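# Reading the structure
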Amino acid sequence: MKRLINIIWGVWCAFTTFLSPVWLTMIFLNITGMIYKYDYSMDEGTAVIIGLFLLVLWLFIALLPIMGFLRYAYSSNKKNLWICIIAMIVLVILCFWICDWNIVHFLVA
């Protein structure tokens, strides 16, 4: 049973790691009010409130489980921690690739 819970926890952390770049981008656009340039469905004041709500939601739904999972991986074996961190980096890069985000363009501009 504990093994099944760890597998589900790992899949959840992989899923949230994969979606985090998009989620954090939407949070940034909402909090700064720049979402209004791309989507005219809400005004800037509402966007900031929704951005703050999404930030708190991301902290509890994505960041805390990932931190707990990495802590569990570290306590079981330090090798498992590095495997998890490398897998998370690969998932973030895969998300960038699927979304067709040019990271070099953002760093240079």
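For the structure itself, consult the block above.
The paragraphs below set out a description of the structure included in this document. On a predicted model such as this, the values are computed, not experimentally measured, just so you know.

### Comments concerning the overall build of the protein
From N to C terminus, the protein includes 5 helices and 0 strands. Secondary structure of the protein in N-to-C order comes out as α-α-α-α-α. Taking 2.2 N^0.38 as the reference for a compact globule, 109 residues should give roughly 13 Å; the C-alpha atoms of the protein span a radius of gyration of 17 Å, well beyond that estimate. C-alpha atoms of the protein, sized along the principal axes, occupy 45 × 30 × 20 Å.

### What about the packing of helix α3 (residues 44-76) against helix α4 (residues 78-99)?
Viewed as axis vectors pointing N to C, α3 and α4 meet at an angle of 145°, and their least axial separation amounts to 5 Å. For the pair α3 and α4, the contacting residues are I66, F69, L70, A73, Y74 and S76 in the first and K78, N80, L81, C84, I85 and M88 in the second. Class assignment for the residues of the contact of α3 with α4 results in 9 nonpolar, 2 polar and 1 charged.

### Digging into the packing of helix α1 (residues 2-32) against α4
When two helices pack together, their arrangement is given by the angle between the helix axes and the distance between those axes. The interhelical angle for the contact between α1 and α4, taken along N-to-C directions, is 45°, at an axis separation of 8 Å. One finds that α1 runs oblique with respect to α4. When you trace α1 past α4, the crossing you get is right-handed. On α4, the residues that touch C13, A14, T17, F18, P21 and V22 of α1 are M88, L91, V92, L94, C95, F96, I98 and C99.

### Let's talk about the environment of I7
Structurally, I7 can be placed in helix α1. Between the C-alpha atom of I7 and that of A73, which follows or precedes it by 66 residues, the distance is 12 Å.

### Observations concerning the nonpolar core
In this structure, C13, I66, F69, L70, A73, L81, C84 and M88 together form the largest nonpolar core, which totals 8 residues. Mapped onto this core, the elements with two or more residues apiece are α3 and α4. By residue number, the principal contributor to this core is α3, which donates 4 residues. Beyond its immediate chain neighbours, meaning those up to four positions away, M88 contacts C13, T17, I66, F69 and L70. Judged by nonpolar contacts, the second largest core, of 5 residues, contains W23, I27, W58 and A62.

Calculation notes
- Residues numbered from 1 in each chain as written.
- Predicted model: local features only at pLDDT ≥ 70, side-chain atom pairs only at ≥ 80, totals over all residues.
- Heavy atoms only, no water.
- Helix = DSSP H or I, 4+ residues; strand = E, 2+ residues; numbered from the N terminus.
- Rg over C-alpha atoms; globule rule 2.2 N^0.38 Å.
- Axes fitted to C-alpha atoms, helices over the stretch in contact; angles between N-to-C directions.
- Contact = heavy atoms within 4.5 Å.
- Nonpolar A, V, L, I, M, F, W, Y, C, P; charged D, E, K, R; others polar.
- Parallel < 35°, antiparallel > 145°, perpendicular 65-115°, else oblique.
- Left-handed = near helix turned anticlockwise from the far one by under 90°.
- Core = buried A, V, L, I, M, F, W, Y, C linked by side-chain atoms within 4.5 Å.
- Buried < 20%, exposed > 50% of the residue type's maximum accessible area, 1.4 Å probe, protein only.

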